[in-house]
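Overview (structure and organization)
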Amino acid sequence: MSLENCPKPAVQAVIDLTAGAAGGTACVYTGQPFDTVKVKMQTFPNLYKNVVDCVLKTYKESGVGGFYRGTTPALMAHISENAVLFLSYGFCQRIVRKLSGMDNQSELSDIQKAASGSFASVFASLAICPTELVKCRLQAMHEMTTSGKLKPGHPSTAWAVIKDILRTDGPLGMYRGLSSTLLREMPGYFFFFGGYEFGRTLFTSGNKSKDDLGPLPLMLSGGFGGACLWIAVYPIDCVKSRIQVLSMAGENAGFFNTFRHILKNEGIRAIYSGLTPTMLRAFPANGALFLAYELSRKAMMKKMSE
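Being a predicted model, the structure only gives us computed values, none of them experimental.

A few words on the pattern of salt bridges. One pass over the structure, following the stated rule, counts 19 salt bridges. Of the charged contacts in the structure, one is a salt bridge between Asp53 and Lys57, with a shortest N-O distance of 3.3 Å. With Asp53 and Lys57 both in helix α2 (residues 51-62), this residue pair falls four residues apart, about one helical turn. Residue classification places Asp53 among the buried residues on the basis of a relative accessible area of 13%.

Structure below.
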């Protein structure tokens, strides 16, 4: 049974929510070390010559645990984001189908599914922004301290960072970087779901259904979708990371001013700093995400149909 054709929207919503959470968990544990290197290089490109230099310095300073700093908020971020994302994705597919004059049994095209993912990203952005803010600050805490932007002894646990944000900026402070998150997510998830569905289409031949694909095609399609996302929106993500990390030191220039500052003072290369670990992360992390999502979704739907 396909995702779109499930006759019980309420039950399907629970399945989408749970499967999305499973996918988010797999994504974090697979890709967290790459994400940590990405955030460090985005925020402090002048401190690291390249990916290898960043990896070696991080390991020397903090050991293996340094690559998993911020894992707790990252788990919270990805579980909440993907649970909301895939829940909204199913809902937005129904809306797109209705706007297109299609019945509930009709299969959406890859472009229509990509548009559904883009619409769903609005809801996911509201879920991910607070947790990603905490994650980015924890990942770049060492660099903020050694560069003199923060005094030693600044809150360095997830809960301490949250309390510091609430005390300094109030509840709305948890949504620092929301505009740049939306600017990243809406086009990004168009390419994310579009790339994934296009990959699955390429692997589907004859009378086979996309739901019949095995683990390897699913992982390759998911990895391709992740690569499409990051190639499309990486500069926006770089600016978002800067805003969320540097706001710890009271630097709140906004998206466009931060973007202009980076280009003027550091050049266009700084906008793409950290792209290599991001692309290295894209295939395994997003492949694991979609594999966990599809397998858990199928298992729950099979259980429901018994």
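Time to look at a nonpolar patch on the surface. Together, Phe198, Leu202, Phe203, Leu216, Leu220, Phe224 and Phe283 make up an exposed nonpolar region whose accessible area comes to about 670 Å². Sorting the residues of the nonpolar patch by element identifies α7 (178-203) and α8 (215-246) as the ones contributing at least two each. Within the element layout of this structure, Phe203 appears in helix α7. A relative accessible area of 35% places Phe203 in the partly exposed class.

A separate point is the confidence of the model for the chain. Close reading of the predicted structure is inappropriate where its pLDDT is low. Residues at a pLDDT of 70 or more form 94% of the chain, whose mean pLDDT is 84. Per-element confidence in the chain ranges from a low mean pLDDT of 76 for helix α5 (residues 141-146) to a high of 92 for α7. Low pLDDT, under 50, characterises residues 1-5; the predicted model gives this stretch 21 contacts beyond four residues in sequence or across chains.

This part is about empty space enclosed by the protein. Applying the stated criterion across every chain, the model contains one cavity of 30 Å³ or more. Taken as a whole, the largest cavity encloses approximately 220 Å³ of empty space. For the largest cavity, the lining is made up of 19 residues, of which His78, Glu81, Tyr189, Trp230 and Arg281 are closest to its centre. Only α1 (9-43), α3 (71-99), α4 (110-139), α7, α8 and α11 (275-305) provide two or more residues apiece to the lining of the largest cavity. With four residues, the top contributor of residues to the lining of the largest cavity is α7. Its residues assigned to classes, the lining of the largest cavity shows seven nonpolar, four polar and eight charged.

Glancing now at the state of the cysteines. For the structure shown, the criterion picks out zero disulfides. Here Cys238 is not disulfide-linked; the sulfur of Cys136 is the nearest cysteine sulfur, at 11 Å. Of the residues examined, Cys238 reaches a relative accessible area of 0% and is grouped as buried.

We now examine the nonpolar core. Counting residues in hydrophobic clusters, the biggest one holds 24 residues, and the most contacted among them are Leu85, Phe86, Tyr189, Phe192, Phe193, Leu229 and Phe290. Mapped by element, the contributors of at least two residues to this core are α1, α3, α4, α7, α8 and α11. Ranked by the residues each element gives to this core, the list is headed by α11, at six residues. In this view, Phe86 contacts Asp16, Gly20, Phe193, Leu289, Phe290 and Tyr293; residues no more than four positions away in its chain are not counted. Core analysis: the next-biggest nonpolar cluster, separate from the first, contains 17 residues, Ala140, Met144, Val161 and Met174 among them.

Further remarks concern the packing of aromatic side chains. Considering all chains together, one arrives at 17 aromatic pairs under this definition. Relative to Tyr89, the ring of Phe86 has its centre 6.4 Å away and its plane inclined at 85°; by these criteria the two rings are edge-to-face. With Phe86 and Tyr89 both in helix α3, this residue pair falls three residues apart, about one helical turn. We note that Phe86, like Tyr89, is buried. For the pair Phe255 and Phe259, a centre-to-centre distance of 6.3 Å together with 10° between the ring planes defines the contact as stacked. Here the residue Phe255 and the residue Phe259 both occupy positions in helix α9 (residues 255-266), the gap between them amounting to four residues, near one helical turn. For Phe255, a relative accessible area of 13% translates into the label buried. An aromatic cluster is defined as three or more aromatic residues linked by ring pairs; in this entry it consists of Phe86, Tyr89, Tyr189, Phe192, Phe193, Tyr196, Phe290 and Tyr293.

Right, let's talk about the environment of Thr201 for a bit. Along the chain, Thr201 turns up in helix α7. When its relative accessible area of 35% is taken as the criterion, Thr201 is described as partly exposed. C-alpha of Thr201 to C-alpha of Leu218: the two residues are 17 residues apart in sequence and 11 Å apart in space. Residues contacting Thr201, with those up to four places away along its chain left out, are Asp110 and Lys210. In this structure the side chain of Thr201 is engaged in a polar contact, spanning 2.8 Å, whose partner is the side chain of Asp110.

Next up on the list: the side chain of Arg297. Counting through the fold element by element, Arg297 comes out in helix α11. The class for Arg297 is buried, based on a relative accessible area of 1%.

We now examine the side chain of Ser180. In this fold, Ser180 is placed in helix α7. Excluding residues within four positions of it along the chain, Ser180 makes contact with Ile236, Lys240, Ile243 and Phe255.

Reading guide: rules and limits
Residues numbered from 1 in each chain as written. Predicted model: local features only at pLDDT ≥ 70, side-chain atom pairs only at ≥ 80, totals over all residues. Heavy atoms only, no water. Salt bridge = Lys/Arg side-chain N within 4 Å of Asp/Glu carboxyl O. Helix = DSSP H or I, 4+ residues; strand = E, 2+ residues; numbered from the N terminus. Buried < 20%, exposed > 50% of the residue type's maximum accessible area, 1.4 Å probe, protein only. Patch = residues over 30% accessible without salt bridge, like charges linked within 9 Å, V, L, I, M, F, W, Y side chains within 5 Å. Areas by Shrake-Rupley, 256 points an atom, 1.4 Å probe, with all protein chains shown as cover. pLDDT = per-residue confidence, 0-100. Contact = heavy atoms within 4.5 Å. 1 Å grid on protein atoms, 1.4 Å probe; cavity = no way out; pocket = protein on both sides within 12 Å on 5 of 7 lines; lining within 4 Å. Points joined across faces, edges and corners; volume = space filled by probe spheres on them. Nonpolar A, V, L, I, M, F, W, Y, C, P; charged D, E, K, R; others polar. Disulfide = S-S within 2.5 Å. Core = buried A, V, L, I, M, F, W, Y, C linked by side-chain atoms within 4.5 Å. Phe/Tyr/Trp six-rings, centres within 6.5 Å; stacked < 30°, edge-to-face > 60°. Polar contact = N/O pair within 3.5 Å; in protein donor to acceptor, adjacent residues only side chain to side chain.

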